[in-house]
Amino acid sequence: MTHVITALCTRKGDCVEVCPVECIVPAPTGNADWPFYYIDPDTCIDCGACIPVCPPEAIFTEDDVPAQYQDDIAKNKEYFTSGPGYWKYDLEKERVR
Ligand code: SF4
Ligand code: SF4
């Protein structure tokens, strides 16, 4: 299983700071195809640390993703397989305060 960031994400970046395996990545600001932060499902260890720190409650376990956000399960994976994926970013520049 994995955890999934949904379209509820407001790019606050708190999740990145608590993930012990650094598998949460902000898509570059301004990329219309990839507007949010994404979780690499192949690296996520399902620790759950990201869920309580997300202000808009945008993160769910894969099994708990609400019906209207089901497409985001594939979107998180695709970000790492066909999207920008991991990159050298400055979190302060990629977060919305
Ligand atoms: S904490 Fe929530 S709103 Fe902030 S970047 Fe992570 S998923 Fe998005
Ligand atoms: S569940 Fe844990 S490992 Fe997975 S993205 Fe959240 S903080 Fe990272």
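In what follows, the structure referred to is the one given above.
Residues numbered from 1 in each chain as written. Chains lettered and ligands numbered in written order. Predicted model: local features only at pLDDT ≥ 70, side-chain atom pairs only at ≥ 80, totals over all residues.

A. Representation of the overall build of the chain within the structure. What the chain contains, in helices and strands, is three helices and four strands. Scanning the chain from its N terminus toward the C terminus, one meets helices and strands in the order β-α-β-β-β-α-α. Against the compact-globule benchmark of 13 Å for 97 residues, the chain has a radius of gyration of 12 Å, which places it among compact chains. With the principal axes as the frame, the chain shows a C-alpha extent of 30 × 25 × 25 Å. Within the span of the chain, comprising 97 residues, buried residues form 26% of the whole. Within the chain, counting contacts between residues at least 6 apart in sequence, those at least 24 apart form 78% of the total. (Helix = DSSP H or I, 4+ residues; strand = E, 2+ residues; numbered from the N terminus. Rg over C-alpha atoms; globule rule 2.2 N^0.38 Å. Buried ≥ 20, exposed ≤ 12 C-beta atoms within 10 Å, placed from the backbone. Contact = placed C-beta atoms within 7 Å.)

B. Spotlight on the nonpolar core. Ile5, Cys15, Ile24, Tyr37, Tyr38, Ile39 and Ile59 are the most contacted members of the largest nonpolar core, which totals 18 residues. Looking at this core, the elements with two or more residues in it are strand E1 (3–5), strand E2 (24–26) and strand E3 (37–39). The element that contributes the greatest number of residues to this core is E3, accounting for three residues. In this structure, Tyr37 is in contact with Ile5, Cys9, Arg11, Cys15, Ile24, Val25, Pro26 and Ala27, ignoring residues within four places of it in sequence. (Core = buried A, V, L, I, M, F, W, Y, C linked by C-beta atoms within 7 Å.)

C. Layout of the site of ligand 1. In the vicinity of ligand 1, 15 residues are found, and the nearest of them are Cys9, Lys12, Cys15, Tyr37 and Cys54. Each residue belonging to the shell around ligand 1 can be placed in one class, and the counts come to 10 nonpolar, two polar and three charged. (Near = placed C-beta within 6 Å. Nonpolar A, V, L, I, M, F, W, Y, C, P; charged D, E, K, R; others polar.)

D. Representation of unusual backbone geometry in the model. One non-glycine residue, Arg11, lies in the positive phi region at around 60 degrees. Within the fold, Arg11 resides in the loop between E1 and helix H1 (14–18). The phi dihedral of Glu57 is positive, around 55 degrees, even though this residue is not glycine. Mapping Glu57 onto the fold places it in the loop between E3 and strand E4 (59–61). Using a count of 10 C-beta atoms within 10 Å as the deciding quantity, one classes Glu57 as exposed.

E. Representation of the environment of Ala74. Its place among the elements puts Ala74 in helix H2 (residues 71–81). Separated by 25 residues in sequence, Ala74 and Ala49 place their C-alpha atoms 21 Å apart.

F. Representation of H2 within the structure. Restricting attention to buried positions, one finds in H2 the residues Asp72, Asn76 and Tyr79. Angular distribution of buried residues about the axis of H2 spans 60 degrees; they occupy a single face of the element. Across from the buried face of H2, at angles greater than 90 degrees, the exposed residues are Asp71, Ala74 and Thr81. Close packing links the buried residues of H2 with E1 and E3. (Arc of directions from axis to C-beta.)

G. Spotlight on the site of ligand 2. What surrounds ligand 2 is a group of 14 residues, the closest being His3, Cys19, Cys44, Cys47 and Cys50. By residue class, the composition of the shell around ligand 2 is 11 nonpolar, two polar and one charged.

Read these as geometric descriptors, not functional statements.
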